[in-house]
Amino acid sequence: KDQAAAAKFKIMGNFMIGAVIESLGEAMAVAHEIGVGRETYLEFVKEVFPVPPVLGYAAKMVDQGGEAAKTQVGFTVPGGMKDVGYAIDVAKSVGMRLPVAELAYEHLQWVKDNGNPDWDWSSLAYALRKEAQ
């Protein structure tokens, strides 16, 4: 039982990272579309959320014109889909939903279908940018 609980704990931790990536992607896409720019929004993130994973994923959404997630790969799209999918299943097993996880999964699926599954899972921001076009 302890191993099962530990595995679910890890899955929920990875979901939390995915949720942060989804939120960053949404905010970056809107910041870009309203003319604030991803670079300016990154400066805000650096001040308000100076946490290494947040800063790392936010930077990937800005670097190389927002294309860095295509080349700076730490965790691939299929890996993100697997972990986010597991989190959705864990929530369902106790009669709950994770709406942010569902959105992130949809965006990761879009990247897999329309981009490249070998990109970093932060490339879900790319799906958000494409939705805006």
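Our structure's up above, just so we're on the same page.
Report follows, based on the coordinates. (Residues numbered from 1 in each chain as written. Predicted model: local features only at pLDDT ≥ 70, side-chain atom pairs only at ≥ 80, totals over all residues. Heavy atoms only, no water.)

**Observations regarding the packing of aromatic side chains**
Here the distance between the centres and the angle between the planes together describe a pair of aromatic rings. Here the structure, examined in full by the defined rule, presents five aromatic pairs. On the numbers, 5.0 Å between centres and 80° between planes, the contact of F75 with W121 is edge-to-face. Here the residue F75 occupies a position in the loop between α3 (52–66) and α4 (77–93), and W121 occupies one in the loop between α5 (99–114) and α6 (124–132), the gap between them amounting to 46 residues. On the accessibility criterion, W121 (3% relative accessible area) is buried. When the ring of W119 is compared with that of Y126, the centres are 5.3 Å apart and the planes differ by 85°; the resulting orientation is edge-to-face. The two residues W119 and Y126 agree in class, both being buried. Put simply, the rings of Y57, F75 and W121 pair up and form one aromatic cluster. (Phe/Tyr/Trp six-rings, centres within 6.5 Å; stacked < 30°, edge-to-face > 60°. Helix = DSSP H or I, 4+ residues; strand = E, 2+ residues; numbered from the N terminus. Buried < 20%, exposed > 50% of the residue type's maximum accessible area, 1.4 Å probe, protein only.)

**Structural notes on the pattern of salt bridges**
The final tally for this structure, using the stated rule, is five salt bridges. We note a salt bridge from D83 to K82, for which the minimum N-O separation is 3.6 Å. (Salt bridge = Lys/Arg side-chain N within 4 Å of Asp/Glu carboxyl O.)

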